[in-house]
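Next come the chains, spelled out residue by residue.
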Amino acid sequence: NYSHTVNDEDTQYNETVFNPTQINDRINLVMGKTDYFQFNADYVNPISESTKLELGVETRIQNSGNRFNDINPSFTSADNSFSFGRNIHSAYTNISKQIGKWSGQLGVRLEYFELDANFALNETNPTFNDTQKITDKLFTAYPSAFFTYTANENNSFNFNYSRRVDRPSIGQISPIREWTTPLMESRGNPELAPQFTNSFEVNYTRNTKLGSITSGVFYRIISDEISRTVYNDPNNINRNILSYANFANNNSYGIESSANLKFYNWWSVNASADVYFKTAKGTIQNATTNLLENAAVDVTTFNARVNNSFTATKELRFQLFGMYRGRDKGLQYDRKPMYKMDFGATYNVLKGKGTVTVRYNDVFENMRFAFDGYIPYRQQGAFYWESQTFYVGFNYVFGGGKNRALARKQRDTNETQGGGGMF
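Residues numbered from 1 in each chain as written. Predicted model: local features only at pLDDT ≥ 70, side-chain atom pairs only at ≥ 80, totals over all residues. Heavy atoms only, no water.

1. So, the overall build of the chain
The secondary structure content of the chain amounts to two helices and 25 strands. Counted over contacts in the chain with a minimum sequence separation of 6, partners at least 24 positions apart contribute 60%. Roughly 24300 Å² of accessible area belongs to the chain as shown, and the carbon and sulfur atoms make up 55% of that amount. (Helix = DSSP H or I, 4+ residues; strand = E, 2+ residues; numbered from the N terminus. Contact = heavy atoms within 4.5 Å. Areas by Shrake-Rupley, 256 points an atom, 1.4 Å probe, with all protein chains shown as cover.)

Shown next, in the form of structure tokens:
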């Protein structure tokens, strides 16, 4: 796979600053591009009816560049740029085996990660010029183990272990300010390290006449947890900087449940819910002394998702989705609950080879990241994004199952990006 993306932006806006009163006309010019290349190959060998071996390799190469020009003679102007190169080379192996009522899979993914980023900052009022280079080379192993005991056709138990990584995104490590106001500005942290999670799970699945229900418990060990942080601007005593930091190693545990149920021929439901408990630990800045202090907070969070599917006719189906993300406590602020509802429909045409899809996301426009805190100062705020969207699409299938076999193998990369972000 190869992709080339160009993302330019030209915006102009007015800003009124009081004490003293000052009206600023500002122009932001953003020029960015990204080249991304991915190659992977997978090999599967069914050694016997009960044993299977999987091998694979993958290379991902990403090169991004961006220039940000903020023109405003009466306020802080900037001409900043960065280049960001990230290469990931990996290989994995899995072996699965079934013995009687037991089945299992052992695997490991070996990964070499390389980062090379350059940031050039040129700002005025006050004058600030700096060039920062960020490099990182890391070899990591991601083991995994999955075991299932099938007592009978209606009852089974599952035991899982996996290791994952949350890598900082470009915006989370870039020292170039994303936006600024007289009281606060947002910028990344070049010293931000990846967050690793070791996860242990035990689940029980029960098959009923209505469908399957899975319930379980989990325990996660989180190293260098990434989170939002606020601290005083050393160059401006009246302004705070909103950034990211690695907090201390934290542990979390909880219970979760999911179900795939079919109440009637025309109504089926996929639902899940979880409750987790965590003690978040880290260091935060004292607003009076500017010194770093140890802090801890106990967290209890509830989350839920429900997806309803309604079959009106053989060709027409409707979907109704709802989600709730409960209040979350942090070391410096509390995140308020997040929730939304989506509605969609699909209609088959052309003897089933074509599908028309209509989807309306966040119908009531409730999605936002809202927070309320007292450290280092009293603070309230909310971030909004384009969550309310309307989509219409048409899909046409050429050929049959043989084409599906050509699709790239979807496999777990043990990776997410942008952990600890606002959204």
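2. Details of the sheet that holds strand 8 (residues 179–180)
One open sheet accounts for four strands, arranged 8-9-13-12; its pairing is mixed. Every other strand in the sheet has two partners, leaving strand 8 and strand 12 (226–233) as the edge strands with one partner each. Relative to strand 13 (residues 236–246), strand 9 (residues 184–186) is paired through three bridges, and the arrangement is parallel. The residue of strand 13 that forms the bridge with Ser186 is Leu242. (Pairing = 2+ DSSP bridges.)

3. Side note on the environment of Ser257
With respect to the helices and strands, the residue Ser257 is situated in strand 14 (residues 250–264). Relative accessible area serves as the criterion here: at 30%, Ser257 is assigned to the partly exposed category. As for Ser257 and Ser215, which are separated by 42 residues in sequence, their C-alpha atoms are 4.2 Å apart. Not counting the four nearest positions on each side in its chain, Ser257 is found in contact with Ile213, Thr214, Ser215, Ala271, Ser272 and Ala273. Here Thr214 takes part through its backbone oxygen, which lies 3.3 Å from a polar atom of the side chain of Ser257. A polar atom in the side chain of Ser257 sits 3.1 Å from the side chain of Ser215. (Buried < 20%, exposed > 50% of the residue type's maximum accessible area, 1.4 Å probe, protein only. Polar contact = N/O pair within 3.5 Å; in protein donor to acceptor, adjacent residues only side chain to side chain.)

4. Things to note about a nonpolar patch on the surface
The grouping of Ile95, Trp102, Leu106, Phe147, Phe157, Phe159, Val202, Tyr204, Val217 and Ile255 at the surface amounts to a nonpolar patch, some 850 Å² of accessible area in total. Counting only elements with at least two residues in the nonpolar patch, the list comes to strand 5 (102–123), strand 7 (155–167) and strand 10 (195–207). Secondary-structure assignment places Leu106 in strand 5. (Patch = residues over 30% accessible without salt bridge, like charges linked within 9 Å, V, L, I, M, F, W, Y side chains within 5 Å. Salt bridge = Lys/Arg side-chain N within 4 Å of Asp/Glu carboxyl O.)

5. Side note on the side chain of Ser96
With respect to the secondary-structure elements, Ser96 resides in strand 4 (residues 78–99). The contact partners of Ser96, leaving out residues within four places of it in the chain, are Ser50, Thr51, Lys52, Gly104 and Gln105.

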